[in-house]
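The primary structure of each chain is shown beneath.
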Amino acid sequence: EGGRGYPVRLQGIVTHIDERDDHSLIIHDGKLGQFIVPPATPASAGSWLTLRRGDVVEIDGRTERGGFAPNVQPRVVRVVATSPLPAPKRISFGSLLTGRHDCDYIEVVGVVQRMWLSSDPSVRTLFADVAVEDGVVRAFFWEYSPADLKNLIDARVRLVGNVGTIFGSPGQVRGVSLFVG
């Protein structure tokens, strides 16, 4: 149904955006998160190019097929206010694997097992596998220092961010990711 391009108007707080590359956006309405794909022409989509975490936005767009739920292709993005980020939820790892909480704003506590940088030099991302109760969450960081690669190994951490799903082929769930920023 999501692939039918239904018109939508959404309002929520920006809880995730890659402020360096503007590849994706997640908004949260206090209960659920929604993945917003980049607009076809970002410069003509209103406030897209100036969005920051904590902006309250109103988005006019259309649904498109997503992984577990429809994504939204924005046509117009308007910042209507700023707000503190919502309180993160604590969700069990098993429940995160169902996909039901995709894009939700959560916190996890665990131990960093390994860290590495993207092999693509144009992608400025630090990855970390964090052991949590009952599993491993893959965290994505856009803000980091080179020293983090060795200083955070074996560290107990509290991470807050939006849930993502790691898919294998052919579209099967392989794990859980967390967009920390």
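Structure: above.
What you see is a predicted model, and the numbers here were worked out from it, not measured in a lab. Just so you know, the residues in each chain are numbered from 1, in the order the chain's sequence is written. Only residues with pLDDT of 70 or above have their local features reported here, since the model is predicted, and side-chain atom pairs are shown and tallied only from 80 upward, although totals for entire chains, interfaces and linings are computed over all residues. Computation of side-chain values covers all heavy atoms of the structure but excludes hydrogens and water.

Chemist: Can you tell me about the overall build of the protein, naming the residues and giving the values?
Modeler: Scanning the protein for helices and strands turns up 2 helices and 10 strands. Taken from N to C terminus, the helices and strands of the protein fall in the order β-β-β-β-β-α-β-β-β-α-β-β. Taken over C-alpha atoms, the radius of gyration is set against a globule rule of 2.2 Å times the number of residues to the power 0.38. Its C-alpha atoms give the protein a radius of gyration of 16 Å, near enough to 16 Å, the size a compact globule of 181 residues would have. Structurally, the protein occupies a C-alpha span of about 45 × 30 × 30 Å along its principal axes. Buried residues are those whose accessible area, probed at 1.4 Å on protein chains only, stays under 20% of the maximum for their type, while exposed residues exceed 50% and partly exposed ones sit between those limits. Going through the 181 residues of the protein one by one, you find that 46% of them count as buried. Contacts are assigned to residue pairs with any non-hydrogen atoms lying within 4.5 Å of each other. Long-range contacts, defined as pairs at least 24 residues apart, comprise 56% of the intrachain contacts of the protein with a sequence gap of at least 6. Surface accessibility follows the Shrake-Rupley procedure with a 1.4 Å probe radius. Residue values consider only the protein chains on display as shielding. Of the roughly 9700 Å² of accessible surface on the protein, 51% is carried by carbon and sulfur atoms. Taking the 20 positively charged and 20 negatively charged side chains of the protein as two groups, their mean positions are separated by 2 Å. Secondary structure elements are taken from DSSP: a helix is a run of H or I of four residues or more, a strand is a run of E of two residues or more, and numbering for both begins at the N terminus. Under the convention used here, Asp and Glu are negative, Lys and Arg are positive, and both His and the chain ends fall outside the count. Each charge is placed at NZ for Lys, CZ for Arg, CG for Asp and CD for Glu.

Chemist: Tell me what's going on with the pairing of strand E10 (residues 173–179), and back it up with residues and numbers.
Modeler: Where a strand is regular, its side chains alternate between the two sheet faces. In terms of burial, E10 is a largely internal element, 5 of the 7 residues being buried. Note that strand E8 (residues 135–141) and E10 share 4 bridges and pair parallel. When the sheet's bridge partners are listed, Val137 is paired in E10 with Val176. Two elements, strand E9 (residues 156–167) and E10, share 6 bridges in a ladder whose sense is antiparallel. The residue bridging Phe167 from the neighbouring strand is Val173, located in E10. Strand pairing follows a simple DSSP-based rule, namely that at least 2 bridges must link the two strands. In sequence, E9 turns back onto E10 through a hairpin of 5 residues, with Gly171 there showing a positive phi of about 75 degrees.

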